[in-house]
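Working through the structure, step by step
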There are 2 protein chains.
Amino acid sequence: MKPIRVGLLGLGTVGTGVVRIVEGHQQDLLSQTGAAIEIAKILVQDKSKARNISVSADVLTENPWDVIENPEIDIVVEVMGGIDLAKKYMLEALDRGKHIVTANKDLMALHGQEILAKAAEKGCDVFYEASVAGGIPIIRTLVEGFSSDRITKIMGIVNGTTNYILSKMSQEGAAYDDVLKEAQQLGYAESDPTSDVEGFDAARKMTILGTLGFHANVSLSDVTVKGISQVTKEDITYGKRLGYEVKLLGIAERNDEHISISVQPTMVKTSHPLASVNGVYNAVYVYGEAVGETMFYGPGAGEMPTATSIVADLVAVVRNLKLGINGQRGFAPYKEKKLKTDEQIASKNFILLHVADKAGVLAQITQVFAQHEVSLESVLQHPNSLNPNAEIIIITHDANQASMKKVLHQFEAMDVVHAIKSVYRVEG
Amino acid sequence: MKPIRVGLLGLGTVGTGVVRIVEGHQQDLLSQTGAAIEIAKILVQDKSKARNISVSADVLTENPWDVIENPEIDIVVEVMGGIDLAKKYMLEALDRGKHIVTANKDLMALHGQEILAKAAEKGCDVFYEASVAGGIPIIRTLVEGFSSDRITKIMGIVNGTTNYILSKMSQEGAAYDDVLKEAQQLGYAESDPTSDVEGFDAARKMTILGTLGFHANVSLSDVTVKGISQVTKEDITYGKRLGYEVKLLGIAERNDEHISISVQPTMVKTSHPLASVNGVYNAVYVYGEAVGETMFYGPGAGEMPTATSIVADLVAVVRNLKLGINGQRGFAPYKEKKLKTDEQIASKNFILLHVADKAGVLAQITQVFAQHEVSLESVLQHPNSLNPNAEIIIITHDANQASMKKVLHQFEAMDVVHAIKSVYRVEG
């Protein structure tokens, strides 16, 4: 078989990893695919920039069309990031019959449908294993490994930055702002950390997992998102005392045909496998009606883990080229999307209230829950004797969101409730 | 596309699960493959036997040739177990151009090469995801998800029975014999538990994982095997005190081109993700040069989890049928197998000795390690003051097996060493 020529859009961290693996594993890739894989062109912003990898000068180009229009190139690997330009290049490359491998979660979450439709039209592969949970082959697992099952729940720790921050806060009893600063110094968080800490990055990944897991076209706007910037030391301390770790979870659920997708800091029972996923690691927990509980754990980002997933996709494209079946293994959503209402979304909840320190308060509080038919699993008064405020922690049984909103709304209007300090979903 | 007709060999627990999923998920399977999947014939031992699933009488047969020779049947699912008869039926079915899905680890570990060669000759698929770690799609993960990487270590908790027993011993401080009896009553262990508790079942699974992970034809006889029947309450108690859980691990390792594969009870550091895999759950930890640490967790057995993997394989065969590419996605080993010698296999070790209670013993013991260039991480004297014996626990740094054998051999000849009570590999 003739050598397969690959064009890279971008030579940042991940692009460098791709070059390293393709060059370092030449012989294995040849044995596995029957074809030599060659990086023929790489789009960079500045050819003269010093790099920590040696690439022959005639492979580098500053002109995207040297990749996109290059008749020698079979597969385009998009690792430049961003949305508009990456999308334009990808669509142009597809128009020219080139297959695509990408790590671009933002693009796939926002414009995946359009890109995959174009690929189907052109008989091209578009693979994006690296877009979710870096080195964990979770997309393959959902699409092929669990093709026979009906997945009803996906819970993911899919953002390493926030998991690093929450793990540190938990392990060291440190405050959010201090740990964020440290994460920025270590390069685990961006100087503008909004996308990570406010949950937007995780929401994009959950859009992709929800679409694949539930066979319905989930949009980013379907995901309700809450980040970790309001998580306090107290929340984590109280959580631990009650047997929970605070994790930023993406949660996609399905009952019958109705789905809900969210990203939110969640109290996860310490016995749950997600509770012990720490640092920059990612993990995706998948519950299927037939298989039951499964979990997939690994590095969520980084040069080599992400590159592993990209090159595994490259291998898949090359195998398809050999068999002449590109563009025919796509898995188009075939179910109508029906979103759950607040009445249909249920979970346990953890609520921390500051209340007036006088007799009868607890009765008033629990009366509100009873009124909205929210039953309680446990109530803890004055969890911290050093705190001058009278505090109450309540853990509910499964309650629907509509009822919970009414309860919280009523608390806001009550004199004896000084503050609703925290509300968390509870899992595990 | 015409309906795809499937013949089942066997209708035990797993076969029943396959029928349940194929019937319960008709519409999803059709949407995913473009073809209806129909269970056309099922080989059973006794047609008149009462079953907890309703199957039309003309689907059942007591004659294997009704499945194997049936021109209507495209795919044979082998869930009868055993070796000789299952092998015969499988080869006969392949001879007639039928694709195979099997959960038979024994058969694949012992005769996988022969069966896969026949399949390649006949242009047929043979898929066996369910043969290792039930509901966890670990074979796909190794073969496709990590196709780009160089896997250097696979550690698996791949036998649910032994993990249940060890978890119970750890959680309840119970003795091996008592927990085994309980496991037998609960149906987690066979009345003759040898295959599970002596590590033979795990060894078969590691043969399959080693072959796929290292691209070399591993034989069952390459696996050194030690079971859990000698694990004592004391070992578990001392392990916990030092921060370890005892787990029966299958360990496949590669350095350069040399590999070693073993199954043995191992002291696993509690911080390692495998240490918290409890009960009948399975988990496979995979270390790749590029990806780093990953772990895949889920149910290792049971009707529905195992059936999930079988039907996912069925879906893969049907997709291949649609594309006309059966028998072409096999992944034949392409590396020569080179086994490590004892000098090349290294690990930390945990050693529990009963020694004479007099001055100078520790010096004599540590002298033996020094003589064979085994350096020590820690030495703990008299870990249990209630024990009338003088005990010493030693944890070594990485030491090769040849040196360790010499050390232990020398201990056997020493008067001051009353007994070498336990020796464990240490991981994590």
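Residues numbered from 1 in each chain as written. Chains lettered and ligands numbered in written order. Predicted model: local features only at pLDDT ≥ 70, side-chain atom pairs only at ≥ 80, totals over all residues. Heavy atoms only, no water.

1. A few points about the overall build of chain A
Scanning chain A for helices and strands turns up 14 helices and 18 strands. Scaling as 2.2 N^0.38, a compact globule of 428 residues should have a C-alpha radius of gyration of about 22 Å, and chain A matches this with 24 Å. Along the longest, intermediate and shortest principal axes, the C-alpha atoms of chain A span 80 × 45 × 35 Å. When each of the 428 residues of chain A is scored for burial, the buried share is 59%. Counting only contacts in chain A whose residues sit at least 6 apart along the sequence, the fraction spanning at least 24 positions is 72%. Put simply, chain A shows about 16,600 Å² of open surface, and 47% of that area lies on carbon and sulfur atoms. (Helix = DSSP H or I, 4+ residues; strand = E, 2+ residues; numbered from the N terminus. Rg over C-alpha atoms; globule rule 2.2 N^0.38 Å. Buried < 20%, exposed > 50% of the residue type's maximum accessible area, 1.4 Å probe, protein only. Contact = heavy atoms within 4.5 Å. Areas by Shrake-Rupley, 256 points an atom, 1.4 Å probe, with all protein chains shown as cover.)

2. Thoughts on the interface of chain A and chain B
With 48 residues of chain A at the interface, the matching set in chain B holds 48 residues. Of the roughly 4,200 Å² buried at the junction of chain A and chain B (both faces included), carbon and sulfur atoms supply 53%. Per-residue buried area on chain A facing chain B is highest for Ser148, Tyr297 and Leu323 of chain A; these three make up 14% of the total on that side. Linking chain A with chain B are 4 salt bridges, by the criterion used here. In this structure, aspartate 28 of chain B engages lysine 335 of chain A in a salt bridge whose closest nitrogen and oxygen atoms are separated by 3.1 Å. It is helix α12 (residues 303-323) of chain A that provides the largest number of residues to the side of chain A that touches chain B, a total of 9 residues. Of the residues contributing to the side of chain A that touches chain B, the split by class is 23 nonpolar, 15 polar and 10 charged. (Buried area = accessible area lost by both parts, 1.4 Å probe. Salt bridge = Lys/Arg side-chain N within 4 Å of Asp/Glu carboxyl O. Nonpolar A, V, L, I, M, F, W, Y, C, P; charged D, E, K, R; others polar.)

3. Comments concerning the sheet that holds strand β5 (residues 99-102) of chain B
All names here are of chain B. Strands sit in the order β3-β2-β1-β4-β5-β6 across an open sheet of 6 strands; the sheet is parallel. Either end of the sheet is taken by a strand with one partner, and the two such strands are β3 (60-61) and β6 (126-127). With 4 bridges joining them, strand β1 (residues 4-9) and strand β4 (residues 75-78) adopt parallel strand pairing. Its bridge partner being in β4, valine 6 is matched across the sheet by isoleucine 75. Helix α1 (residues 13-24) contacts β1 and β2 (37-43) of the sheet and is inclined by roughly 155° relative to β2. (Pairing = 2+ DSSP bridges. Axes fitted to C-alpha atoms, helices over the stretch in contact; angles between N-to-C directions.)

4. So, the domain arrangement of chain A
Residue and element names in this part refer to chain A. Segmentation of chain A into domains returns domain 1 (4-134 + 303-323), domain 2 (138-299) and domain 3 (346-427). Each side of the interface is counted separately: domain 1 has 16 residues, and domain 2 has 16 residues. Interface area for domain 1 against domain 2, summed over the two sides, is near 1,400 Å², with a carbon-plus-sulfur share of 63%. Taken together, domain 1 and domain 2 are joined by 4 salt bridges. (Domains from an automatic or database assignment.)

5. Notes on the packing of aromatic side chains
Tallied over the full model, the rule gives 11 aromatic pairs over all chains. On the basis of an interplanar angle of 65° and a centroid distance of 4.7 Å, the ring pair of tyrosine 164 of chain B and tyrosine 188 of chain B is categorised as edge-to-face. Of the two residues, tyrosine 164 of chain B sits in helix α7 (residues 160-172) while tyrosine 188 of chain B sits in the loop between α8 (176-186) and α9 (194-197), which places them 24 residues apart along the sequence. With a relative accessible area of 8%, tyrosine 164 of chain B lands in the buried category. You can call tyrosine 188 of chain B partly exposed: its relative accessible area is 39%. Linked through ring pairs, Phe146 and Phe296 of chain A together with Phe146 and Phe296 of chain B together constitute an aromatic cluster. Between lysine 226 of chain B and the ring centre of tyrosine 424 of chain B, over which it is positioned, the NZ or CZ distance is 5.9 Å. (Phe/Tyr/Trp six-rings, centres within 6.5 Å; stacked < 30°, edge-to-face > 60°. Lys NZ or Arg CZ within 6 Å of the ring centre and 35° of its normal.)

6. Description of the side chain of arginine 204 of chain A
Residues and elements named next belong to chain A. Along the polypeptide, arginine 204 turns up in helix α10 (residues 200-214). A distance of 3.1 Å separates a polar atom in the side chain of arginine 204 from a polar atom in the side chain of aspartate 106. Those residues in contact with arginine 204 that sit more than four places away from it in its chain are Lys105, Asp106, Ala109, Ser195 and Leu220. (Polar contact = N/O pair within 3.5 Å; in protein donor to acceptor, adjacent residues only side chain to side chain.)

7. What about the UniProt feature "binding site: NADPH" (unreviewed entry) in chain A?
Residues and elements named next belong to chain A. Feature annotation in UniProt places "binding site: NADPH" (unreviewed entry) on Lys105, given in this structure's numbering. Counting through the fold element by element, lysine 105 comes out in helix α5 (residues 105-122). Those residues in contact with lysine 105 that sit more than four places away from it in its chain are Ser131, Asp201, Arg204, Lys205 and Ile208. (UniProt positions renumbered as here; feature names shortened; annotations may be inferred.)

8. Here's the deal with the environment of arginine 20 of chain B
All names here are of chain B. Inspection of the secondary structure assignment puts arginine 20 in helix α1. Looking at arginine 20, the relative accessible area reads 31%, which means it is partly exposed. Measuring from C-alpha to C-alpha, the distance between arginine 20 and alanine 307 comes to 8.7 Å, with 287 residues separating the pair along the chain. At a separation of 2.6 Å, a polar atom in the side chain of arginine 20 contacts the side chain of glutamate 303.

9. Details of the UniProt feature "binding site: NADP(+)" (unreviewed entry) in chain A
All names here are of chain A. Under the feature "binding site: NADP(+)" (unreviewed entry), the UniProt entry names Leu9, Gly10, Leu11, Gly12, Thr13, Val14, Gly15 and Thr16. Position of leucine 11 among the secondary structure elements: in the loop between β1 (4-9) and α1 (13-24). Not counting residues within four places of it along the chain, the set of residues in contact with leucine 11 comprises Thr16, Val19, Ile42, Leu43, Val44, Arg51, Val55 and Leu60. Along the chain, threonine 16 turns up in helix α1. Take threonine 16: its relative accessible area is 5%, and that puts it in the buried class. Beyond its immediate chain neighbours, meaning those up to four positions away, threonine 16 contacts Leu11, Asn52, Ile53 and Glu303.

10. A look at the environment of lysine 88 of chain B
Residues and elements named next belong to chain B. Inspection of the secondary structure assignment puts lysine 88 in helix α4 (residues 84-95). Overall, the relative accessible area of 40% leaves lysine 88 in the partly exposed class. Put simply, lysine 88 and valine 59 are 29 residues apart on the chain and 22 Å apart in space, counted from C-alpha to C-alpha.

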